[in-house]
Amino acid sequence: MTDENIKQAIIGIINDINPDEDTSNINPAERLRDQLDLDSMDFLDIVMELRKRYGVHVPDTDYEHLASLDSCVAYLRDKMADKELVS
Amino acid sequence: MSHYDAIIIGAGMSGLGAGIRLAMFDKRVVVLERHYVWGGLNSFYQFQGHQFDVGLHAMTNYAPRGAKGLPLTRLLKQLRIRWDELDLHQQGHSAVSFPGTKLKFSNDFELLRGEVAAAFPDQIDGFDALVKAVREFNELDLDAPTQNARTIVESHISHPMLVDMIFCPLMFYGSARENDMDWDQFVVMFKSIFFEGFARPQQGVRHILKLLIDRYRRSGGELRMKTGVKRILMDGARATGVELDSGETLTAETVLSSAGLVETGRMCGQEPGAQATGKLSFTETINVLDKPARDLGIDETIIFFSNTERFNYAQPAGLCDTTSGVICMPGNFDLPEQPKDHLVRITNIANFDRWNALERDGEDSPYNRAKREWYTRSSDDVLAHIPDFRASTTLVDMFTPRTIRHYTGHEGGAVYGSPIKKRTGASGIEGLYIIGTDQGFLGIIGAMLSGISMANRWVLQRDGATVETT
Ligand SMILES: Cc1cc2nc3c(=O)[nH]c(=O)nc-3n(C[C@H](O)[C@H](O)[C@H](O)COP(=O)(O)OP(=O)(O)OC[C@H]3O[C@@H](n4cnc5c(N)ncnc54)[C@H](O)[C@@H]3O)c2cc1C
């Protein structure tokens, strides 16, 4: 999976969590929480969906790495290298 | 014998909320419901060809589409339901009506603030200070110590009737305690009623339940109706499953119970403490009118009233206390179509033991005579607050605390459960958690959020933790 695919994977999950949210203009360097209506319950969902869709396990202590799209890419690049994007 | 990741007792709002979360993430989950319809305290029935809702006057916690950080938005995200699907229509306005004073409120908080300023000019600073305290309190911190709301409210507001006028709707819509509330519950109710406000789907509670059931089934959850739980199975100090009324046993890693604290305790063989059973139950009369309530000059959506300056939210000595209550006009929401039935619903506080002691058999039984007598008294006692609707009434139905117990299993017909709340859900027994009313999140939205957050905390998050350590 490319870096761009990883971003798409995360955005795809966010769209499923909150279809009423506009995700078309996310700044990848900025914290997701500051741009979107995401609380800790939603981060749990992102983690659960990563596991369900891609078999990637993110332990509690690593949640902070999911703060922005860029940090997601840096953290997930190795874990998701051999995965296919699920639409 | 079947083994599950989680067994959920009760297909009410909280049980379905929890069930959806767990099914969504591929947990093996079953919801067990004793009754033949789902919804619990919030359900529906047919009566002489009419469709009536139980519970749902109004959905509290209204939030417009996309509103950030509010309970309704949080709920929709967690259940993956789009805002549109709820089909919400807002109230016109409602009121708190006490002798000589009426405070209107709507989903725009400024209306209430203006009404308080006009009726109680010397109290508005105190009211503002109270509002600030409510706004700043984080009711989601489940580990915060509890305080009495009355002490805090009275520290800001010195006019006793205004204090009671503020408490009145919050108590009627959610207090399991007599004449006081826990501060965190007060905050939850204040925000949900005064800041956020009321709305309802065109089709009432049926519509919400249908969304939940569909969502649960599509996610692969199993639902068993007419399946009561008789006993919770234990291995030492740990819950391991349930025994059904039929004698069948099911085992699970985790049991989530929405049956209530006292009721769940009994299923574990525990006798409840004297203070544990809730004392607050209600009667409700449903009047079908021959014309819309508005045509009779009734403009409010909901009226919370007291005929005395001091509002007494306590179990009455007699069958009912009709000197206070809630009057709901479901047709006065901003609905796209006027509902088929024109209804006025009146709720009063009632005494479970008194109703329960009455002999029920036969049309002229003491129970049925009491219903007719209290129906009349209840209708008479609302006339200080709405124009006389009695001549327009074509059909009446009434339910009592006994009806509530029969259909929901809540001891004492206690609509808001036990005065003791288990905010973290921990029951004292490992593997068994309390969800719904007795966890302490109130109302329909609260109950669903309760199921959701307990499923998250005790199954989904915990699951993450165990995977990590093994
Ligand atoms: C008259 C009335 C008016 C109300 N008005 C409003 C309103 O306008 N707005 C609002 O937001 N809220 C209102 N409420 C409150 C709302 O209905 C409740 O807060 C909410 O429905 C509670 O949901 P719950 O899941 O906690 O519990 P419940 O709805 O009680 O669900 C528990 C379920 O468990 C089942 N059960 C119990 N024991 C067993 C067992 N041993 N085995 C199997 N199943 C079992 C019961 O049958 C029930 O279906 C009202 C309630 C009533 C009664």
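The shown structure was predicted, so the numbers you read here are calculated from the model rather than taken from an experiment.

All names here are of chain B. The backbone phi angle of Asp 26 is positive, close to 60°, even though this residue is not glycine. When you line up the elements, Asp 26 lands in the loop between helix 1 (13-24) and strand 2 (29-32). Notably, Asn 179 is not glycine yet its phi reads approximately 55°, a positive angle. Mapped onto the elements, Asn 179 comes out in the loop between helix 7 (160-172) and helix 8 (183-196). Owing to a relative accessible area of 25%, Asn 179 belongs among the partly exposed residues under this scheme.

Residue and element names in this part refer to chain B. A complete count under the given rule lists 25 aromatic pairs over all chains for this structure. Taken together, a centroid distance of 5.4 Å and an interplanar angle of 15° make the contact between Trp 183 and Phe 186 stacked. Note that Trp 183 and Phe 186 are positioned in helix 8 at a spacing of three residues, about one turn of the helix. Take Trp 183 and Phe 186: they sit in the same class, and that class is buried. Geometrically, the ring pair formed by Phe 282 and Tyr 416 is edge-to-face, given 5.8 Å between the ring centres and 70° between the ring planes. Of this pair, Phe 282 sits in strand 13 (residues 281-289) while Tyr 416 sits in the loop between helix 13 (401-408) and strand 18 (432-434); the two residues are 134 residues apart in sequence, bridging distant segments of the chain.

Residue and element names in this part refer to chain B. Grouped together as the largest cluster of nonpolar side chains are 58 residues, with contacts concentrated most on Phe 172, Tyr 173, Phe 186 and Phe 190. Counting residues per element, this core draws most heavily on helix 7, at 10 residues. Per-domain counts for this core show at least three residues from each of domain 2 (100-194) and domain 3 (279-408). In contact with Phe 172, not counting residues within four places along its chain, are Phe 282, Phe 304, Phe 305, Phe 311, Tyr 313, Ser 324, Gly 325, Val 326, Ile 349 and Tyr 416. One finds Val 29, Leu 211, Leu 223 and Ile 444 within the second-largest nonpolar core, a separate group that totals 54 residues.

If you trace the backbone, His 35 of chain B turns up in the loop between strand 2 and strand 3 (44-47). Sequence-distant contacts of His 35 of chain B, that is, excluding residues within four places in its chain, are made with Met 225, Lys 226 and Tyr 407 of chain B.

It is worth spelling out the site of the ligand at this point. Residues and elements named next belong to chain B. Taken together, 33 residues lie near the ligand, and Ser 14, Glu 33, Asn 42, Ala 58 and His 410 sit nearest. At 2.9 Å from an oxygen atom of the ligand is found a main-chain nitrogen or oxygen belonging to Thr 437. About the coverage of the ligand: the protein hides 97% of its 1,000 Å² of free accessible area. Looking at the shell around the ligand element by element, the count peaks at three residues for helix 14 (residues 443-469). Mapping the shell around the ligand onto the domain boundaries places at least three of its residues in each of domain 1 (2-53 + 203-274 + 418-460) and domain 3 (279-408).

Rules used in this analysis
Residues numbered from 1 in each chain as written. Chains lettered and ligands numbered in written order. Predicted model: local features only at pLDDT ≥ 70, side-chain atom pairs only at ≥ 80, totals over all residues. Heavy atoms only, no water. Helix = DSSP H or I, 4+ residues; strand = E, 2+ residues; numbered from the N terminus. Buried < 20%, exposed > 50% of the residue type's maximum accessible area, 1.4 Å probe, protein only. Phe/Tyr/Trp six-rings, centres within 6.5 Å; stacked < 30°, edge-to-face > 60°. Core = buried A, V, L, I, M, F, W, Y, C linked by side-chain atoms within 4.5 Å. Domains from an automatic or database assignment. Contact = heavy atoms within 4.5 Å. Near = heavy atom within 4 Å. Polar contact = N/O pair within 3.5 Å; in protein donor to acceptor, adjacent residues only side chain to side chain. Areas by Shrake-Rupley, 256 points an atom, 1.4 Å probe, with all protein chains shown as cover.

All we've got here are geometric facts, nothing functional implied.
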